[in-house]
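Summary of the model geometry
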Amino acid sequence: MVNHTRKIFSLFKPTAGWFNDAVRGSGLSGLCMTCYTTISHGMQGAFVERWHNETSSFHLPVGEMTITLDDVQCLLHLPIRGPLLTHSRIQRVEASQWMALYLGMEPEVADFECATTSGPHIRFITLSRYFEQHLVAAADAEAAGDDLFTQYHRGCALRCWYMHVVGAACFVDKSARYVDVTYLRYFMDLDTVHQWNWGAATLAYLYQKLNEAFNWRTRQLVGSCTPLTSWIISYFSRIHGIHIDLAYVDAMPRAARYVLQRGNNVVGPYRGYLDRTVHDDITWRPFSDYTQIVPFEGISLYSGWLACGTTIMVRYLP
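The structure contained in this document is the topic of the report that follows. The structure presented is a predicted model; accordingly, all values stated were derived computationally and were not measured. (Residues numbered from 1 in each chain as written. Predicted model: local features only at pLDDT ≥ 70, side-chain atom pairs only at ≥ 80, totals over all residues. Heavy atoms only, no water.)

What follows is about the overall build of the chain. Scanning the chain for helices and strands turns up 11 helices and nine strands. For the chain, the C-alpha radius of gyration of 20 Å lies close to 20 Å, the compact-globule estimate for 318 residues. Projected onto its principal axes, the C-alpha coordinates of the chain cover approximately 65 × 40 × 35 Å. Put simply, the chain has 318 residues, and 56% of those count as buried. Here the analysis covers contacts within the chain between residues at least 6 apart in sequence; of these, 76% occur between residues at least 24 apart. Summing over all exposed atoms, the chain offers an accessible surface of approximately 14200 Å²; the carbon and sulfur share of this is 53%. Put simply, the chain has 26 plus and 28 minus side-chain charges, and the middle of one group is 8 Å from the middle of the other. (Helix = DSSP H or I, 4+ residues; strand = E, 2+ residues; numbered from the N terminus. Rg over C-alpha atoms; globule rule 2.2 N^0.38 Å. Buried < 20%, exposed > 50% of the residue type's maximum accessible area, 1.4 Å probe, protein only. Contact = heavy atoms within 4.5 Å. Areas by Shrake-Rupley, 256 points an atom, 1.4 Å probe, with all protein chains shown as cover. Lys, Arg positive; Asp, Glu negative; His and termini not counted. Charge placed at Lys NZ, Arg CZ, Asp CG, Glu CD.)

It is worth spelling out the environment of His 194 at this point. Its location among the elements puts His 194 in the loop between strand E5 (178-180) and helix H9 (198-216). Of the residues examined, His 194 reaches a relative accessible area of 40% and is grouped as partly exposed. Sequence separation of His 194 and Gly 82 is 112 residues, and the distance between their C-alpha atoms is 8.7 Å. Ignoring sequence-local partners within four residues, the contact set of His 194 consists of Gly 25, Ser 26 and Pro 79.

Relative to each other, helix H5 (residues 92-102) and helix H6 (residues 107-116) sit at 135°, their axes nearing to 8 Å. Taken together, the axes of H5 and H6 are oblique relative to one another. Considering the relative orientation of H5 and H6, their crossing is right-handed. Between H5, through Arg 92, Ala 95, Ser 96 and Met 99, and H6, the contact on the second element is made entirely by Ala 110, Asp 111, Glu 113, Cys 114 and Ala 115. (Axes fitted to C-alpha atoms, helices over the stretch in contact; angles between N-to-C directions. Parallel < 35°, antiparallel > 145°, perpendicular 65-115°, else oblique. Left-handed = near helix turned anticlockwise from the far one by under 90°.)

Another point: H6. Within H6, the full set of buried residues consists of Val 109, Ala 110, Glu 113 and Cys 114. Take H6 and look down its axis: the buried residues cluster within an arc of 140°, on one side only. Summarising the geometry of H6, the exposed residues directed more than 90 degrees from the buried face are Pro 107 and Glu 108. Buried residues along H6 sit against H5, strand E4 (121-123) and helix H7 (124-143). (Arc of directions from axis to C-beta.)

Note that every value here comes from positions in space, so none of it alone points to a role or purpose.
The structure is reproduced here in structure tokens:
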């Protein structure tokens, strides 16, 4: 699992009202509050070993458990209603055009990104640099009274921020240093970002990575550490050393509540813990006191398929 916490925390977040209002309204604001500076690869590995793709669940001595849409909504504050993400792979030429048009990049820089990453991708370091450049340009345009350029640079800055956070927290690929430009399609119209089903897409992407580990029996699982880690410590609070973050308030995503102590990267101790797990070791309703913040939605009980784009389709059988 890939931990991009430092990438997200190091990304400058303005205090300007226009920026924070847009981020809160997008439904993605929780992603910048729910990352862990310390994770245990051994703990994650013990659960990956018990995943079965036929049932999309972890097989444990107490029965089967799975990660639900309600878990994603409570842990990350991602929306679980709306149209599923329908992106497909794009070509380098199209990616370069999108980067120039919607991120305000020079065409030669956009072409260089595709060449450097060997595909239609953009590096996190480039997104961060252009994000800060557009913030400065937007402030200068506002001071000069140029509303047109102010809105243009603000829009480019928001798209850079969205791409950086979504690529680092939800859709991590094997490179762990860039994000696919195809996700930019969801940020072209900044007024519709909140309408997409980011929760279902994030869960489908995690399921897919777990399925790949199950099918290949590999010890490598490429994906974001946040969804899986936060789910484990919510239901298995005694499997790993944690303490409550003093800065946490109930209005924040539940995943932001915990601070993980340094753990063991060896699978053996966690495997033994799961082998001895009984019902009393599990917190069966970790969000029962959280319904005033995030009400339970019946869509979480849906059984069928979840999708993330046209290439990922996974079983969802809560």
